[in-house]
Amino acid sequence: KASTLSLSVLVAIEMFNALNALSEDGSLLQMPPWVNPYLIVAMFVSFGLHFMILYVPFFADVFSITPLSVNEWLLVLLFSTPVLLVDEVLKFVGRNFVYSDTSSSKRKTE
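Given the structure is predicted, the values throughout are model-derived calculations rather than measurements.

Undergrad: Could you give me a rundown of unusual backbone geometry, with the residues and numbers involved?
TA: Phi angles above zero are rare outside glycine, and Ser 64 is one such case at about 55 degrees. With respect to the helices and strands, the residue Ser 64 is situated in the loop between helix H3 (57-63) and helix H4 (70-80).

Here you go:
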């Protein structure tokens with residue numbers, strides 16, 4: 001069960017990282033995921049394949065994993081969603097402190 005949970009957390013984290021990569025410094029609240037429909041399709045395909053190896057007995061046996069319950073999926077989300085929050089904080093700091101300092105110093109030298 002632990003390896004299944006670990007794999008599921010890694011898959012979810014990578015999908016959330018893909019969402020974070022929509023913009024280097026723009027928030028997901030400013031740039032919603034549907035601006036890149038190919039990314040949404042790729043995420044659905046990735047999660048679909050992950051669900052297939054979890055819930056189709058043949059694939060579950062091949063990968064030596066077990067299906068997850070609803071509570072276990074909530075645990076997966078609990079451990080994987082902080083990547084969204086951390087990246088949003090980093091983008092906020094970058095927008096408001098790092099990039100604003102470099103642009104103001106450029107204006108002073110000109």
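Undergrad: Tell me about the nonpolar core, and name the residues and values.
TA: Formed by 20 residues in total, the largest nonpolar core has its most connected members in Phe 16, Leu 19, Leu 68 and Val 76. Listing elements by their share of this core, those giving two or more residues are helix H1 (2-20), helix H2 (37-55), H4 and helix H5 (82-109). At seven residues, the largest contribution of residues to this core is made by H1.

Undergrad: Can you explain the confidence of the model for the protein chain? Please cite residues and give values.
TA: Overall, the prediction assigns the protein chain a mean pLDDT of 83, with 89% of residues at 70 or greater. The least confident element of the protein chain, judged by mean pLDDT, is H5 at 71; the most confident is H4 at 93.

Undergrad: Kindly report on the packing of H1 against H4, identifying the contributing residues and their values.
TA: In the contact formed by H1 and H4, the axes pass within 9 Å of each other and the chain directions differ by 50 degrees. With respect to each other, H1 and H4 are oriented oblique. You can see that H1 and H4 cross each other, and the crossing is right-handed. Residue-level inspection shows Leu 5, Ser 8, Val 9, Ala 12, Ile 13 and Phe 16 of H1 in contact with H4, the latter providing Glu 72, Trp 73, Leu 75, Val 76, Leu 77, Phe 79 and Ser 80. Classifying every residue of the contact of H1 with H4 gives 10 nonpolar, two polar and one charged.

Undergrad: Give me the packing of aromatic side chains: which residues, what numbers.
TA: Within this structure, the stated rule accounts for four aromatic pairs. The interplanar angle of 25 degrees and the centroid separation of 6.1 Å between the aromatic rings of Phe 47 and Phe 51 together place this pair among those described as stacked. Linking Phe 47 with Phe 51, this pair stays in helix H2, spanning four residues, or about one helical turn. Of the residues examined, Phe 51 reaches a relative accessible area of 36% and is grouped as partly exposed. Taken together, a centroid distance of 5.4 Å and an interplanar angle of 80 degrees make the contact between Phe 51 and Trp 73 edge-to-face. Of this pair, Phe 51 sits in helix H2 while Trp 73 sits in helix H4, placing them 22 residues apart in sequence. Judged by its relative accessible area of 17%, Trp 73 is buried. Three or more aromatic residues joined by ring pairs form one cluster here, namely Phe 47, Phe 51, Tyr 55 and Trp 73.

Undergrad: Quick one: what's the story with the environment of Phe 47, residue by residue and with numbers?
TA: Remark: the alpha-carbon pair of Phe 47 and Ala 12, spanning 35 residues in sequence, is separated by 8.2 Å. Apart from the residues lying within four places of it in its own chain, the contact partners of Phe 47 are Val 11, Ala 12 and Met 15.

Rules and cut-offs
Residues numbered from 1 in each chain as written. Predicted model: local features only at pLDDT ≥ 70, side-chain atom pairs only at ≥ 80, totals over all residues. Heavy atoms only, no water. Helix = DSSP H or I, 4+ residues; strand = E, 2+ residues; numbered from the N terminus. Core = buried A, V, L, I, M, F, W, Y, C linked by side-chain atoms within 4.5 Å. Buried < 20%, exposed > 50% of the residue type's maximum accessible area, 1.4 Å probe, protein only. pLDDT = per-residue confidence, 0-100. Axes fitted to C-alpha atoms, helices over the stretch in contact; angles between N-to-C directions. Parallel < 35°, antiparallel > 145°, perpendicular 65-115°, else oblique. Left-handed = near helix turned anticlockwise from the far one by under 90°. Contact = heavy atoms within 4.5 Å. Nonpolar A, V, L, I, M, F, W, Y, C, P; charged D, E, K, R; others polar. Phe/Tyr/Trp six-rings, centres within 6.5 Å; stacked < 30°, edge-to-face > 60°.

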